[in-house]
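Descriptive structure summary
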Amino acid sequence: MTGALGQIGAELVPALRECYGADRVVASDVRMPPAGLDREGPLECLDCTHTRQIEAVVRRHEIVRIYHLAALLSAVAESKPRLAWDVNMGGMYRVLEVARSHRCSVFHPSSIGAFGPTTPRDCTPQDAIQRPTTMYGITKVAGELLSDYYVSRFGVDTRGLRLPGLVSYCAPPGGGTTDYAVDMFVHAVRHRHYTCYLRADTWLDLMYMPDAVRAMIELMEVDRDRLVHHNAFNVTAMSATPAMLAAEIQRHVPGFEVDFEVDPVRQAIADSWPDSLDDSAARAEWGWLPRYDLPAMTADMLDKLKARSQPAE
Ligand SMILES: NC(=O)c1ccc[n+]([C@@H]2O[C@H](COP(=O)([O-])OP(=O)(O)OC[C@H]3O[C@@H](n4cnc5c(N)ncnc54)[C@H](O)[C@@H]3O)[C@@H](O)[C@H]2O)c1
């Protein structure tokens, strides 16, 4: 896995190790974890923009499947568009090339950011117009197309999901537009107050990380012949506004207050994305079904965050 120390990798690595065995899942990232962090399996330092580094790890560990997670997320990519192009596109192309020559399958997460302001906003179909206005979105659409190209041109088994904003408690989010959702939970538990950078009525799709991890594993395990789309499956679990999330948290944390100071950059990104996705292709082709809706996710997130904030015995 590339980018394994990020928000998704922090939970996907342990889940894959549980499925396949700790020593059969190689985590890698361009940065190294803080000293003292438990290493429960192989860990490599790998910059995904360097073919030789990817190739060396693939050879050394006889890799058969690459989960390519390394990327710059939407808000970070807007502040560093050139680096975002280099990492998101350069990494994607190199991973696909190594996968082609070493016969690996590839998982690649796309995003709701691959859509744009001219995409139908409500119940956005699987196959819809994609004219994103952010560097992140541009790299995500190009990554989807490149993945499809490697399927049809070279027969590389690449698969992917268009993920919505992910909510999790293990690792902090990496600079996306939907980070507010995680931040709101953390602030509710720690401070009972949160200042949200998106407007209260901004609709966006969200998903709890356990659902996302299961989706990534299930998609890669399904029989290839069942897939019509291969890449960029719309998946979602809920569509919600910051106001709705705040109200749900308030049911568990009385006195929790939220105010709003809109960040124009992230609001503009959010406004260019769909309000809700149609994930019927994922449901039909490989049986996708989310388990956590807004109330279930909220209850579990708060339980887990409260447990983490208790001093260890
Ligand atoms: N988290 C979400 O809500 C979300 C939603 C939709 C799609 N995605 C996609 O999922 C993937 C992973 O997201 P995440 O939230 O875990 O991101 P993150 O920012 O938390 O983690 C990304 C990791 O990539 C690493 N990285 C950066 N440059 C690298 C390089 N050159 N070589 C190797 N590693 C490098 C970083 O050190 C970081 O640990 C990304 O492609 C992202 O676009 C995430």
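Everything below is about the structure shown above.
Residues numbered from 1 in each chain as written. Predicted model: local features only at pLDDT ≥ 70, side-chain atom pairs only at ≥ 80, totals over all residues. Heavy atoms only, no water.

Regarding the sheet that holds strand β4 (residues 105–111)
Formally: We treat two strands as partners when DSSP finds at least two bridges between them. The way it works is that DSSP assigns letters per residue, a run of H or I at least four long becomes a helix, a run of E at least two long becomes a strand, and they are numbered from the N terminus. Pairs of residues are marked as contacts when any of their non-hydrogen atoms sit within 4.5 Å. Working convention: axes come from line fits to C-alpha atoms, limited for helices to the stretch in contact. Angles between N-to-C directions cover 0 to 180 degrees.
Read across the sheet, four strands follow the order β3-β4-β5-β9 without closing on themselves; strand pairing throughout is parallel. Two strands lie at the open edges of the sheet, namely β3 (65–67) and β9 (233–234), each paired on one side alone. The pairing of β4 with strand β5 (residues 158–163) spans six bridges and is classified as parallel. Note on β5: the bridge partner recorded for S111 is L163. Contacts from helix α5 (residues 135–154) reach β4 and β5, with the element oriented near 150° to β4.

Some words on the pairing of strand β8 (residues 204–208)
Within a regular strand, the side chains alternate between the two sheet faces. As a reminder of what qualifies: When a residue's accessible area, from a 1.4 Å probe over protein chains only, is under 20% of the maximum for its type it is buried; when over 50% it is exposed; and in between it is partly exposed.
With five of five residues buried, β8 is to be regarded as a mostly interior element. Covered by surrounding structure in β8 are L204, L206 and Y208 together with D205 and M207, the residues of both alternating faces. In this structure, strand β6 (residues 165–167) lies alongside β8, joined through three bridges in parallel fashion. Within the sheet, the bridge partner assigned to G165 lies in β8 and is L206.

Section: the nonpolar core
Worth spelling out the cut-off: By nonpolar core is meant a set of buried Ala, Val, Leu, Ile, Met, Phe, Trp, Tyr and Cys residues that side-chain atoms within 4.5 Å join together.
In terms of nonpolar packing, the biggest core is built from 91 residues, with L12, L161, Y180 and W286 touching the most fellow members. Residue contributions to this core peak at eight residues, all from helix α7 (residues 209–221).

Concerning the site of the ligand
What counts, and what does not: Distances are taken per atom, and a residue is near a molecule or strand as soon as one of its heavy atoms is within 4 Å of it. Polar contact is the term for a pair of N or O atoms within 3.5 Å; when the atoms are in protein, one must be able to donate a hydrogen and the other to accept it, and sequence-neighboring residues count only if both atoms are side-chain atoms. Using the Shrake-Rupley algorithm and a 1.4 Å probe, accessible areas are obtained, with residue cover drawn only from the displayed protein chains. Amino acids outside the nonpolar list (Ala, Val, Leu, Ile, Met, Phe, Trp, Tyr, Cys, Pro) and the charged list (Asp, Glu, Lys, Arg) are all regarded as polar, and Gly is one of them.
Near the ligand, the surroundings consist of 26 residues, among which Q7, D29, R31, Y136 and K140 are the closest. For the ligand, an oxygen atom lies 3.3 Å from a polar atom in the backbone of G6. In this structure, an oxygen atom belonging to the ligand sits 2.9 Å away from a side-chain N or O atom of R31. When the free accessible area of the ligand is taken as 830 Å², the share hidden by the protein chains comes to 91%. In terms of residue count, β4 provides more of the shell around the ligand than any other element does, three residues in total. A breakdown of the residues in the shell around the ligand according to their chemical character gives 15 nonpolar, seven polar and four charged.

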